[in-house]
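What the coordinates show
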Amino acid sequence: MDEEGSAIDIEKLREASVEQVLELLGTSAEVGLSEDEAARRLREYGPNIIPEKKVNPILKFLSYFWGPIPWMIEAAAILSFIIQHWADFWIIIALLLVNAIVGFWEEHKAENVIEYLKQRMAVRARVLRDGIWKVVQARELVPGDIIRLRIGDIVPADVKLIGDGELTLDESALTGESLPVDKGAGDIAYSGSIVKRGEMNAIVVATGLRTYFGKTVKLVEKAKVISSLQRMVVKVGNYLVVLALALIGVVIVFVILNGEGVLTAIRYALVLAVASVPAALPAVLSITMAVGALHLARKQAIVTKLVSIEELAGVDILCVDKTGTLTKNKLTIADPIPFNGYSREEVVLYAALASREEDKDPIDLAILGALDKYGLRDECASFRQLDFSPFDPVRKRTEALVERDGSSFRVAKGAPQVILHLCRVDRELWDRAMAVIDDLAEDGFRALGVARTIGSDGQWDFVGIIPLFDPPREDAKEAIEKLRALGLKIKMLTGDHTAIARRIAEMLGLGTKIVPVSELVRKKQERLDELAEEADGFSEVFPEHKYAIVKALQRRGYAVATTGDGVNDAPSLKQAECGIAVAGATDAARAAADIVLLQPGLSVITDAVQEARKIFQRMENYVIYRITETIRVLFFICLSILILNFYPITAIMVVLLAILNDIPILTISNDKVLEQVRPTRWKVRKILVLATVLGLTGVISSFVLLLLADKVLGLDLAAIQTLVFLKLVVAGHSTLFVARTKGPLWGRPRPSLPLFVAVILTDLAATFIAAYGFIITPIGWVLTGLVWAYCLAWMLVNDCVKLLALRFIRTS
């Protein structure tokens, strides 16, 4: 079916009744489509996705020849062609190709990682096929499918609502209208809208490009959002470019005034700029983050925005939900406490009638599982559920209309205070119930209130209380200790009673200063912020309170990560430096989060924090090395020309140096780093001081070798240039080994095998070029051995200088 025809059909379906839509789409509200028919329609209509516009790989590759850095290389090649320096011309062309191939390949790998993350984050839908409810990826939905929509779901396709009930939908992402809209049976719910309240079945009427708005909500962003770390790295890159251009400009003026040819001066300046500008910076950034994201995905933590890895590295407070993260979220029930003459069995029965098994709600499953214990399975099955209102965070209860033998009444279960208010109980009963709740809380039990309607006027009557216990996870206490060892403060968030929260906190070693949110919101801002900082956790928390808690901690100067799972958690997840959607979170929470966990518990978060800090360290090591190299090479060459009126290396050597320096750097994304025990922040002063000191030390070592070659060894100009070229390559890579550790370079961690092999291979390539004279003057093995010994000796000197610089930075 073509797109235009589909649009007409959809318009007809929008106006048609539910019965007509079922007939037109050949489906049944009770059975749904068969698997065979769904497969046939999937072939006919295609997957329920919006195809992304793919860039032609050839055009993508050619784009690497366009931009400021390629322009400089191309200009140098053109000038070499004009003055007929053919060896220089072909080597510069090789540099251009190497930069393009490396950039294209690294971005291709990063895109593959992002595609993998998208597949792991795919939206899922509950669909009725062959009369059985099952969960499938939203991309597999076809017109005619019957699906179930619940609170927190992102509507996966254009659907017509059917059955009883009503949905409140947030369509702001599609229409820009901030107010939610209410829709019922017969209405169309559009793909990409979010279910804020309610639960209904629906018929899929349009998928993919045929949907009304033509696109679904994307859960995974490409790495186009600029993080604080990236902004700082870009600033450093800009600083290096400006520094390079300023010095090179001075060199050009000097050379021209000295009588050299203008074309020669400009050509040399261009290749010098190419060697100085951090051309590999974007590739190193993207592949380091992408490799880190892949490592996290293997540990069951999916990154929705690559840059959020860096933000997580600096987090120092983690606000974590109790249920499902600190506890198992597998409830067990103790003996009910009946009120108003009801029996224990009746308390369980009415609670079960206010439950629904297909929703897989943990409380519902615990209560329904207790039917056999009390011999109520058959009696419960004798009732028919006519209507059901699921739990939502505002009403804090479920409610159902049930019928048996022509007699109907309503049942409800939920937060005890809510149920007691619903029943309008007197003071005596209220006090007695609250005393029971407090006693249960002291022992770590949650309480669930149960009620039913009686009489012709439908007056609610309080039936009793069911004690629920959600035990702590076995790994929670150990994970908390690990996170604290990493320098994080843990604050528990729970909607439970303060006594329950305090009991669980004691069991996990979190501390006992648990503050009820009601106490927090009554404080003035300054005291509120102070109390939020001092508390070990917060009780009786509604989702909207999480946002206020995160803001209060941020005002105290903390970088905050917070967990969430519901649609109302989205504001706090977005506000935090790093929002973490826990396992089983709603689609809306996953869309708002920076990281999505695929398995429950804190251990995954511990792994994520450790991995984020490793990535940050690799980035920091690279920036230190890059600044050091720019100062070392650029200052040495420029000062040699200005002071000694001497070109220490030729233009072709500068190009070779740029190629050989960039290749090993691309393996830094897998380098080994020490585990940091404190949150890592971008310390610009430390980096600039350390890099400048190392760079100037490198300049001194180069001038010393230059003087030795000229005055002691008596080498001619061409041999000196080859000697200096080899020294710059070998010493540059030794600088990388010095910069990557904060202790002695021979200490831990050892370099990763890929990095070590890449450095050795490129250094050997430079050695063979220098020894045998490939397109440069040969100097033989004796002088190459001398250069290696000199570089290794200066590597130890550089390491001592680094340690002294770090000591100065720490004490100043």
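Residues numbered from 1 in each chain as written. Predicted model: local features only at pLDDT ≥ 70, side-chain atom pairs only at ≥ 80, totals over all residues. Heavy atoms only, no water.

Notes on the sheet that holds strand 9 (residues 200-206)
With respect to topology, six strands assemble into an open sheet ordered 2-1-3-9-4-7, the strand pairing being antiparallel. Here the strands that pair on one side only, and so sit at the sheet edges, are strand 2 (132-137) and strand 7 (188-189). Of the pairings in the sheet, the one linking strand 1 (residues 124-129) to strand 3 (residues 146-149) comprises three bridges and is antiparallel in character. When the sheet's bridge partners are listed, V127 is paired in strand 3 with I147. (Pairing = 2+ DSSP bridges. Helix = DSSP H or I, 4+ residues; strand = E, 2+ residues; numbered from the N terminus.)

Here we look at the pattern of salt bridges
Under the defined criterion, the tally for this structure stands at 32 salt bridges. D335 is paired through a salt bridge with R344; the nearest N and O atoms lie 3.5 Å apart. Exposure remark for D335: the relative accessible area of 36% places this residue in the partly exposed category. K802 is the partner of D799 in a salt bridge, and the nearest nitrogen-oxygen pair spans 2.9 Å. Of the two residues, D799 and K802 both sit in helix 30 (residues 780-811), three residues apart, roughly one turn of that helix. Grouping residues by exposure puts D799 and K802 together as buried. Through salt bridges with shared partners, a single ionic network connects E35, R129, K134 and D145. (Salt bridge = Lys/Arg side-chain N within 4 Å of Asp/Glu carboxyl O. Buried < 20%, exposed > 50% of the residue type's maximum accessible area, 1.4 Å probe, protein only.)

Focus: the confidence of the model for the protein
With 86% of its residues at a pLDDT of at least 70, the protein reaches an overall mean of 81. Across residues 1-8 the pLDDT falls below 50, and counting only partners more than four positions away or on other chains, this stretch makes six contacts in the model. For residues 215-226, every residue scores under 50 in pLDDT, and the model assigns this stretch 29 contacts once sequence neighbours within four places are set aside. (pLDDT = per-residue confidence, 0-100. Contact = heavy atoms within 4.5 Å.)

A word on helix 13 (residues 344-353)
Burial of helix 13 is extensive: seven of the 10 residues sit out of reach of the surface. Every buried residue of helix 13 is accounted for by V347, V348, L349, Y350, A351, A352 and L353.

Looking at the pairing of strand 22 (residues 560-564)
Among the five residues in strand 22, five count as buried, and that is most of the element. Across the two faces of strand 22 the burial is the same, with V560, T562 and G564 and A561 and T563 all buried. Of the strand pairs in this sheet, strand 11 (residues 317-321) and strand 22 are connected by three bridges, and their pairing is parallel. Bridging from a neighbouring strand, L318 pairs with A561 of strand 22.

So, the packing of helix 25 (residues 603-644) against helix 27 (residues 684-712)
For the pair helix 25 and helix 27, interaxial distance at closest approach is 8 Å and the crossing angle is 40 degrees. On the basis of their axis angle, the class for helix 25 and helix 27 is oblique. Note that helix 25 runs across helix 27; the crossing there is right-handed. Across the contact of helix 25 with helix 27, the residue classes break down as 17 nonpolar, six polar and three charged. (Axes fitted to C-alpha atoms, helices over the stretch in contact; angles between N-to-C directions. Parallel < 35°, antiparallel > 145°, perpendicular 65-115°, else oblique. Left-handed = near helix turned anticlockwise from the far one by under 90°. Nonpolar A, V, L, I, M, F, W, Y, C, P; charged D, E, K, R; others polar.)

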